[in-house]
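Survey of secondary and tertiary structure
Single-letter residue listing:
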Amino acid sequence: MTRMTVNGEAIHYRLDPQTPLLWALRDASNLTGTKHGCDHGDCGACTVIVDGRAVPSCSVSIGSLEGSEIVTIEGLSASRTHPVQQAWAAEQVSQCGYCEPGFIMAIAALLQSNPSPGPEAIDALPNICRCGAYPRIRKAIARAAAAAAPAAPEGSNRLSNGSSGEEQFSPGNRS
């Protein structure tokens, strides 16, 4: 029996402690936004935030998460007002939608730990989009980072809200 907090709610799973978090979330908690992909943690479709870090939920057992705080796509923002969700929609990233929840959660965790990620940090995201929406995903990351950043003083180089963000992540500008 494992106790943890999922999307702000105390949960007591009466499942085998070796049960992957993915299946506890989907089957026992009916949180189906977390997608099943590869069962090895390689594709990122099942990414959730565990104690502030992006984690592939298929490769971690609930027994190892006793006392942890879990956030799924359903708990990120019920009203879809999280900067990453807003940027995802504004940049029209969606295609098939399967990778979306995992990507959004991984990006939210990345921006929480690194509000201005450079190209290397973005390239290190393990998530896979089989539709190839990577250019729009990069634009969404730039937009979300700009939206979440505190207001910059006048005359600074901060991107405007209408900017695509491409210049922020170009190889020649790694600031």
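Up top is the structure these notes are about.
Predicted model, so just to flag it, every value in this text is computed and none were measured.

**A word on the packing of helix α4 (residues 100-113) against helix α6 (residues 134-148)**
Where α4 contacts α6, the axes come no closer than 11 Å and their chain directions differ by 40 degrees. Classed by the angle they form, the pair α4 and α6 counts as oblique. Of the two elements, α4 crosses α6, and the hand of that crossing is right-handed. Within the contact between the two elements, α4 uses Phe103, Ile107 and Leu111 and α6 uses Tyr134, Ile137, Ile141, Ala144 and Ala145.

**With respect to the nonpolar core**
Counting 27 residues, the largest nonpolar core has Val84, Trp88, Phe103, Ile107 and Ile137 as the members making the most contacts within it. Mapped onto this core, the elements with two or more residues apiece are α2 (73-76), α3 (83-90), α4 and α6. Among the elements that line this core, the one with the most residues is α4, at 9 residues. What Phe103 contacts, discounting residues up to four positions off in sequence, is Gly44, Trp88, Asn127, Ile128, Cys129, Tyr134 and Ile137. Ile11, Leu25, Leu65 and Ile70 belong to the second largest nonpolar core, which has 15 residues in total.

**A closer look at the pairing of strand β1 (residues 2-6)**
Side chains Thr2, Met4 and Val6 project from β1 onto a buried face, and the interleaved Arg3 and Thr5 project onto a face without burial. Pairing geometry for β1 and strand β2 (residues 9-13), over 5 bridges, is antiparallel. Within β2, the position partnered with Thr5 by the bridge is Ala10. Hairpin remark: β1 followed by β2, antiparallel, with 2 residues in the connecting loop; positive phi at Asn7, about 50 degrees. Examined bridge by bridge, β1 and strand β5 (residues 69-71) share 2 bridges and lie parallel to one another.

Cut-offs applied
- Residues numbered from 1 in each chain as written.
- Predicted model: local features only at pLDDT ≥ 70, side-chain atom pairs only at ≥ 80, totals over all residues.
- Heavy atoms only, no water.
- Axes fitted to C-alpha atoms, helices over the stretch in contact; angles between N-to-C directions.
- Helix = DSSP H or I, 4+ residues; strand = E, 2+ residues; numbered from the N terminus.
- Parallel < 35°, antiparallel > 145°, perpendicular 65-115°, else oblique.
- Left-handed = near helix turned anticlockwise from the far one by under 90°.
- Contact = heavy atoms within 4.5 Å.
- Core = buried A, V, L, I, M, F, W, Y, C linked by side-chain atoms within 4.5 Å.
- Buried < 20%, exposed > 50% of the residue type's maximum accessible area, 1.4 Å probe, protein only.
- Pairing = 2+ DSSP bridges.

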